[in-house]
Amino acid sequence: MKFQEIKNNIYYCGLNDCERKIFDELIPLEHGTSYNSYFVKGSEKNAIIDTMYPPKIDEYLKNLSDNNVDKVDYIVANHGEQDHSGAIPALLEKYPEAKVVTNPKVAANIKSMLHVPVERIIEIADGQEISLGDKTLKFIFAPGVHWPDTMFTYIKEDNVICTCDFLGAHYVFSDVFAVKSDELTNSAKRYYAEIMMPFRAMCRRYVDKIRSMNVDMILPSHGPVHANPDYILSLYEKWTDEEPDNLVVLPYVSMYESTKAMIDYLAEKLEQKGIPTFKFDIVSDDLGDYAMHIVDAATIVLGTSMVLAGPHPASVNAAYLTALLRPKAKFAALIGSYGWGGNLFGQIGETLKPLNLDVVGTLQVKGKPTALEFDKLEDLAEDIYHRHKSIGLL
Ligand code: FEO
């Protein structure tokens, strides 16, 4: 995908990145990603909205030249993170008359991170507009989705909004317009889980705002353009709802199959009670799948083995990631197996504390679980069942 008209002289000029396998060195990418950039041709002035990831700058500049983008007056920076701002210095060189239009927080970021000269920056206020002649760009500050510097750019006459990272997806495409599919929905959810979920309340605020604007199109900075805004807005309304689903997610690390046996048994008992489960091997499974499932889960049961005298480091990492992503889960349980002794759950409990989860139970066993301990897991399943029932999930 290189250059395509979206609507009335608004063009897609971003690039796919099919090679990229992981984002933020954290979450694997199933479908690569795209770095979206938009060229807006007005009757008097032209603007580029968001730019390019640094390793793609040469290809990006060539794409602009190949498509006769010879005059750029404004480079709108909706966000300072370099997958979108990285090409600003190169664009300023290519288009000597161009100025960066952005908010004070992005301005501070690109001055310090990219050394953009202050005289090439026009700082705007929330709600301010600039004219391109027959088109007006209106800037809507949106701090928190996902950086404090984030803003949206609304193109008034065309009723389209560029939402930067918000409402995006790591997804490559050949036609710029989103086509509803399970694959795209899952990519958008995986993206939401890692990037937006920690700011769930802010996300909800901006979903409501964009919904009330009744825009014709949503142009994010990753993934396809939404000519049917309801598709992505409805998904976000579900994901940002405070009500979790009747789902238990069970991340675990098991060195000698004992913790795994506990997880398997508990999951089986939960399923028998009508509670769907998702088991996740922290060491070998795709972390993105875990992030995606905790978007909806009501309960998280973390299972761990012991290494030396503490929890397996991978389970501490999973607890840390969970706390970082701040899912809407209400309940938790900790289970696991140890060898000679130590503190199996202390550090995990501390790490999860900021989530204020209601801890339904803990169970640690020495080596392989006994029949009595399996009975205790059955009791734990019953307790989780009652918690889910207490909040109307069953
Ligand atoms: Fe896609 Fe926050 O950058």
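What counts and how
Residues numbered from 1 in each chain as written. Predicted model: local features only at pLDDT ≥ 70, side-chain atom pairs only at ≥ 80, totals over all residues. Heavy atoms only, no water. Helix = DSSP H or I, 4+ residues; strand = E, 2+ residues; numbered from the N terminus. Buried < 20%, exposed > 50% of the residue type's maximum accessible area, 1.4 Å probe, protein only. Contact = heavy atoms within 4.5 Å. Areas by Shrake-Rupley, 256 points an atom, 1.4 Å probe, with all protein chains shown as cover. Lys, Arg positive; Asp, Glu negative; His and termini not counted. Charge placed at Lys NZ, Arg CZ, Asp CG, Glu CD. Axes fitted to C-alpha atoms, helices over the stretch in contact; angles between N-to-C directions. Left-handed = near helix turned anticlockwise from the far one by under 90°. Nonpolar A, V, L, I, M, F, W, Y, C, P; charged D, E, K, R; others polar. Pairing = 2+ DSSP bridges. Core = buried A, V, L, I, M, F, W, Y, C linked by side-chain atoms within 4.5 Å. Arc of directions from axis to C-beta. Polar contact = N/O pair within 3.5 Å; in protein donor to acceptor, adjacent residues only side chain to side chain. Right-handed = clockwise from strand over helix to strand, strands pointing away. Salt bridge = Lys/Arg side-chain N within 4 Å of Asp/Glu carboxyl O. Expected span 1.5 Å × (residues − 1).

(A) Structural view of the overall build of the chain. Secondary structure summary: the chain contains 12 helices and 22 strands in total. Along the first, second and third principal axes, the C-alpha set of the chain runs to 80 × 40 × 35 Å. For the chain, the proportion of its 394 residues judged to be buried stands at 57%. Counted over contacts in the chain with a minimum sequence separation of 6, partners at least 24 positions apart contribute 72%. On the chain, roughly 15800 Å² of surface is accessible, and the fraction owed to carbon and sulfur atoms is 51%. Counting 39 positive and 55 negative side-chain charges, the chain places the averaged centre of each group 3 Å from the other.

(B) Seen up close, the packing of helix α6 (residues 200-213) against helix α7 (residues 229-239). Interhelical geometry of α6 versus α7 gives an angle of 145° and a closest axis separation of 10 Å. When you trace α6 past α7, the crossing you get is left-handed. Between α6 and α7, the residues in contact are R200, R204, V207, I210 and R211 and D230, L233, S234, Y236, E237 and W239, respectively. In terms of residue class, the contact of α6 with α7 is made up of 5 nonpolar, 1 polar and 5 charged.

(C) Structural detail: the sheet that holds strand β14 (residues 151-155). Read from one edge of the open sheet, 5 strands run β12-β13-β14-β15-β16, paired in mixed fashion. If you trace the sheet from one side to the other, it starts and ends with β12 (129-131) and β16 (217-220), each paired once. Pairwise comparison of adjacent strand axes, ignoring direction, gives a mean angle of 20° for this sheet. Of the pairings in the sheet, the one linking β12 to strand β13 (residues 136-141) comprises 3 bridges and is antiparallel in character. Bridging from a neighbouring strand, S131 pairs with T136 of β13.

(D) Geometry of the nonpolar core. Ranked by size, the top nonpolar core spans 61 residues in total, and within it F152, F166, L167, I210 and Y236 carry the most contacts. When residues in this core are grouped by element, the largest group, 7 residues, is from helix α5 (residues 182-196). Counting residues in each nonpolar core, the second largest holds 30 residues, with A77, I88, V100 and L114 among its members.

(E) Seen up close, helix α4 (residues 104-114). Turning to α4, its buried residues number three or more, namely V106, A107, I110 and L114. Along the axis of α4, the buried positions cluster into a sector of 105°, meaning they face one direction only. Capping the start of α4 is the job of one residue whose side-chain oxygen sits 2.9 Å from the backbone nitrogen of K105: N103. The first or second residue beyond α4 is H115, which carries a positive phi of 60°.

(F) Focus on the pairing of strand β17 (residues 245-252). Of all 8 residues in β17, 7 are buried; the element is thus mostly enclosed. Remark: the β17/helix α8 (residues 258-272)/strand β18 (residues 277-281) crossover connection has right-handed handedness.

(G) Region of interest: the pattern of salt bridges. Taken as a whole and assessed by the stated rule, the structure comprises 22 salt bridges. Among the ionic pairs, D264 bridges to K260, the shortest N-O distance being 2.9 Å. Placement of both D264 and K260 in helix α8 is noted, with a separation of 4 residues, approximately one turn of the helix. Assessed through its relative accessible area of 23%, D264 is described here as partly exposed. Using a relative accessible area of 25% as the deciding quantity, one classes K260 as partly exposed. In this structure, the salt-bridge partner of D264 is K279, at a minimum N-O distance of 2.9 Å. Highlighted residues: D264 in helix α8 and K279 in strand β18, separated in sequence by 15 residues. Through salt bridges with shared partners, a single ionic network connects E30, R190, D286 and D289.

(H) Molecular detail of the environment of A298. Residue position: A298 is located in strand β19 (residues 297-307). As a C-alpha pair, A298 and V207 span 91 residues in sequence and 23 Å in three-dimensional space.

(I) Expanded view of helix α10 (residues 313-325). For α10, which comprises 13 residues, the first-to-last C-alpha distance of 18 Å matches the rise-based estimate of 18 Å (1.5 Å per residue) to within 8%. Turning to α10, its buried residues number three or more, namely A314, S315, V316, A318, A319, L321, T322, A323 and L325. Residues of α10 that are buried make contact with α5, α9 (287-293), β19, β20 (310-311) and α11 (346-352). R326 occupies a position one or two residues after α10 and carries a positive phi of about 50°.

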